[in-house]
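Observations on the model geometry
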Amino acid sequence: LALGAMLLILPLGSLPVHLCLRKRLRVRVEAPAVARKGDEGGVTVWLENPTLLPALRIRCRVTTRNQLNGESCTQHVMTWAFPKGQRHASLRLGSEYCGRIRISVEQVKLYDCLGLIGVPCGCTGEAHMTVQPDTFPIRANLLPNPGPLLCAWGKTRKGGSWEPPL
């Protein structure tokens, strides 16, 4: 009976803490600017807790959407945050298609230590990553300057009075 009472009191006791935290918690998303098609890029979700209260369980819903073709994917990240500290969670994201990928943390929920009661948090974060196609190395042969610049247009054509700079 005492154990049952504790299982009920513990989640309800953390509710006021989460109601205070939900307005102060901040989210930031960092992603590389460019990724190759078919490769995964490292995305980091940063959570900052400026209060003196700990956030024991935080669930973030991270949604990626290719803005060119509409491909989308959703992942859930569970983490926690120390009082007056920052915490980061890393993800590997990529696409088989070229385009601009929008990475957004759309929903953040604070849970009690048992994970029973979730309090939604209003913070969101967003980053963008561009997926580019595989490219071939560019090979160029540079020749030394043999002399003055010659113009093929020249003076032989009408209106062709262009002279090379000295």
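Quick summary incoming for the structure in this document.

Notes on the environment of K37
For K37, the location among the structural elements is in the loop between strand 2 (34-36) and strand 3 (40-49). K37 sits 60 residues away from Y97 along the chain, and the two C-alpha atoms are 6.2 Å apart. Apart from residues lying up to four places away in sequence, K37 is in contact with S95, E96, Y97, C98, V131, Q132, P133 and D134.

Digging into the nonpolar core
Counting 27 residues, the largest nonpolar core has I58, I103, V105 and V108 as the members making the most contacts within it. Those elements that provide at least two residues to this core are strand 1 (26-30), strand 3, strand 4 (55-66), strand 5 (72-81), strand 6 (85-94), strand 7 (99-111) and strand 9 (125-132). With 5 residues, the single largest contributor to this core is strand 7. For I58, the residues in contact, after removing those within four places along its chain, are L25, L47, V77, M78, T79, W80, A81, V108, K109 and L110.

Procedures and definitions
- Residues numbered from 1 in each chain as written.
- Predicted model: local features only at pLDDT ≥ 70, side-chain atom pairs only at ≥ 80, totals over all residues.
- Heavy atoms only, no water.
- Helix = DSSP H or I, 4+ residues; strand = E, 2+ residues; numbered from the N terminus.
- Contact = heavy atoms within 4.5 Å.
- Core = buried A, V, L, I, M, F, W, Y, C linked by side-chain atoms within 4.5 Å.
- Buried < 20%, exposed > 50% of the residue type's maximum accessible area, 1.4 Å probe, protein only.

Worth remembering: the numbers are spatial, not functional.
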